[in-house]
Amino acid sequence: MPYTLDQLNTASQAEAEKMLDGLYEHTPWIAAEALKHRPFKSLAQLKHVMAEVLARADQDAQLALIRAHPELAGKAMVAKTLTTESTNEQGKAGLTDCTPEEFARIQKLNADYNAKFGFPFILAVRGPRGTGLPRQQIIEAFARRLDNHPDFELAEALRNIHRIAEIRLADKFGAEPALGNEVWDWHEALATHSDPGFAEQGQLTVTYLTDAHRACAAQIAGDMAAAGFDEVHIDAVGNVVGRYKADPAVRHPKTLLTGSHYDTVRNGGKYDGRLGIFVPLACVQALHRTGQRLPFDVEVVGFAEEEGQRYKATFLASGALIGHFRPEWLDQADADGVTMRQAMQHAGLAIDDIPKIKRDPSKYLGFIEVHIEQGPVLNELNLPLGVVTSINGSIRYVGEFIGQASHAGTTPMDRRRDAACAAAELALYLEERAAKDGDSVATMGLLNVPAGSINVVPGRCAFSLDLRAPTDPQRDRLAADVLERLQQIATRRGITFKLEETMRASAAPSAPAWQQRWERAVATLGLPAFLMPSGAGHDAMKLHEVMPQAMLFVRGENSGISHNPLESTTADDMELAVRAMQGVLDELAAETAKP
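Remember, predicted model here, so these are calculated numbers, not experimental data.

Peer 1: Any details on the layout of surface pockets? Residues and values, ideally.
Peer 2: The volume enclosed by the second largest pocket comes to roughly 1000 Å³. Every residue lining the second largest pocket is counted, 35 residues in all, and those nearest its centre are Glu306, Thr314, Phe315, Arg396 and Met503. Among the secondary structure elements, those contributing two or more residues to the lining of the second largest pocket are strand E7 (393-402), strand E13 (496-505) and helix H20 (539-543). Here the lining of the second largest pocket gets three residues from one element, more than from any other, and that element is E13.

Peer 1: Would you mind going over empty space enclosed by the protein in detail, with residue names and values included?
Peer 2: Under the criterion given, the structure shown has one cavity of 30 Å³ or more. Empty space within the largest cavity amounts to approximately 120 Å³. The set of elements that each furnish at least two residues to the lining of the largest cavity consists of helix H7 (84-92) and helix H10 (150-173). By residue number, the principal contributor to the lining of the largest cavity is H7, which donates three residues.

Peer 1: Account for unusual backbone geometry, naming residues and giving values.
Peer 2: Cis rather than trans, the peptide bond between Arg38 and Pro39 has omega equal to 5°. As for its placement among the helices and strands, Pro39 is situated in the loop between helix H3 (29-34) and helix H4 (43-56). You will see that His252, though not glycine, has its phi angle at about 50°, which is positive. Its place among the elements puts His252 in the loop between strand E2 (240-244) and strand E3 (255-261). Even without glycine at this site, Phe315 takes up a positive phi of about 60°.

Peer 1: Now, about the nonpolar core: what can you tell me, with residues and values included?
Peer 2: Counting residues in hydrophobic clusters, the biggest one holds 101 residues, and the most contacted among them are Tyr208, Phe325, Met340, Met344, Leu385 and Trp518. With 10 residues, helix H21 (residues 571-593) is the single largest residue contributor to this core. Setting aside its immediate chain neighbours within four residues, Phe325 contacts Val237, Leu316, Gly319, Ala320, Leu330, Met340, Met344 and Ile354. Within the second largest apolar cluster, 54 residues are counted, among which are Leu5, Leu72, Leu133 and Ile161.

Peer 1: Outline the side chain of Ser464, supporting the account with residue identities and numerical values.
Peer 2: Relative to the helices and strands, Ser464 is located in strand E12 (residues 460-469). There is a polar contact of 3.3 Å between the side chain of Ser464 and the backbone nitrogen of Gly445. A polar contact is formed between the side chain of Ser464 and the backbone nitrogen of Leu446, at a distance of 2.9 Å. Setting aside residues no more than four positions away along its own chain, Ser464 makes contact with Tyr397, Val398, Thr443, Met444, Gly445 and Leu446.

Peer 1: Could you give an account of helix H8 (residues 100-117), with specific residues and numbers?
Peer 2: Over its 18 residues, H8 runs 26 Å from end to end, which matches the ideal 26 Å to within 8%, given 1.5 Å per residue. Taken residue by residue, H8 has Glu102, Ile106, Leu109, Asn110, Tyr113 and Phe117 as its buried positions. Angularly, the buried residues of H8 cover 110° about the axis, an arc narrow enough to put them on a single face. Across H8 from its buried face, at more than 90 degrees, point the exposed residues Pro100, Glu101 and Ala115. For H8, the secondary structure elements touched by its buried residues are helix H9 (135-145) and H10. Gly118 lies just past H8 and shows a positive phi near 80°.

Reading guide: rules and limits
- Residues numbered from 1 in each chain as written.
- Predicted model: local features only at pLDDT ≥ 70, side-chain atom pairs only at ≥ 80, totals over all residues.
- Heavy atoms only, no water.
- 1 Å grid on protein atoms, 1.4 Å probe; cavity = no way out; pocket = protein on both sides within 12 Å on 5 of 7 lines; lining within 4 Å.
- Points joined across faces, edges and corners; volume = space filled by probe spheres on them.
- Helix = DSSP H or I, 4+ residues; strand = E, 2+ residues; numbered from the N terminus.
- Core = buried A, V, L, I, M, F, W, Y, C linked by side-chain atoms within 4.5 Å.
- Buried < 20%, exposed > 50% of the residue type's maximum accessible area, 1.4 Å probe, protein only.
- Contact = heavy atoms within 4.5 Å.
- Polar contact = N/O pair within 3.5 Å; in protein donor to acceptor, adjacent residues only side chain to side chain.
- Expected span 1.5 Å × (residues − 1).
- Arc of directions from axis to C-beta.

By themselves, these figures tell us nothing about what the structure is for.
Here it is, written out as structure tokens:
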């Protein structure tokens, strides 16, 4: 029989240590130290405490833990001397059934990895869903991680060990993440739809109103109907809208709005945006299954367009809900010459009805959004969830330094007017200046010497600037300092410049009351409510203009990479996101029901 948390909390130290035996390969001291922090209110809290114990250990202890693990498909597996847990894991991943070619490849990778890092390659081979990774995916991860820096790879090995312990703990306590598994499966099913040219290569790309996009909309609508939404429809811009109605006893109920986007970047990941659709879908499904109604409507929107990939109309879908759809967008043409108007007509959308989908903010309580973090912070901290304090404001520029092209061999260093060196100096200043704030970021993403030659001092250098900060005043101070330094660099080097501001977006601070609801929901799970800004833009930025909003971030695997096929999260973290949103719904219901 599986253990229970109550049994763990009330057992003697020795008995409790026995319950947790085998979580960390031949390293019982981690669990033993963590047990000193009992009682635990959840397994999530226990997992976090164990991660903190290992984080506080010295590097020798961490290396000893890593080296206690057997090589994948190594001598111990062949000799059948693996622990029961490792045998189960390598078997579920099919490593006991490698072809001779696969086995030889893994052996070579094991040798190369050990030679470079001095410890065995660690991978949670049961994967994000817990059912086992395909062997080819294991081999690809092995080869990819060989290129990592040793310090990073040490941390990555420890993160995978924590994931292995998480799965083993779930086995011991019979704690299957049922809701997270459903959310995982919805993502997998939706990812079968991809645009032509990408689908054939196994890449995920879903751009606005393509056949794949429309298939996604239909599938999301079907999932909503099956989950128990009372009303489901696709609106005039392609948003998929589901409404779960309030308790009939409530007169004139308001509505909680939530959701995210289902379009993707080209060759993107499965979770960006879509997690914010399926987490609330799971919450509504749970309410429907138990026949529970809330004192407010829940409206979940799968926003049709956020990424701006097919047409230059970023946030088209969420913008339409606040009346910011621009009619001139309809005449934009995509790369194949198809206008947005034509695409909408082909999709059967009622263009004349676009103004009608504008929401009346007075009828809404607010907007909340769950999103994969799209960054490394939560992953590095071994935290599954983070509460967003603000969506960064940003300013973008495109510019060019103009110096003098001259002979690379005959122009003395003190007589050069090198445009590329000016841009390089500015790029280094961006790093220095943004770091002073702690939470500002600055990037020179485009850098180009037009018609450059190996033996010519660059006379021109085009560049871009992307400046972001959690508040508009902080963003503006950053921009002012960067522009001042740009002028100083140009003057000192005797060159000129052109600069054009191309975009300015205001920061979207989380509404304090809504942020605190997320904080309390996370704390109820036994986890620290880690506060962090969002460096990326989200649909919540648009809704922020007319109603209070707050976001929850979910940890990403693979260093939190996003806009990339390696984007991933686990069913366990999805489960916690669903539980956190259920906590917000419960608290809001209690507040709303008060006379």
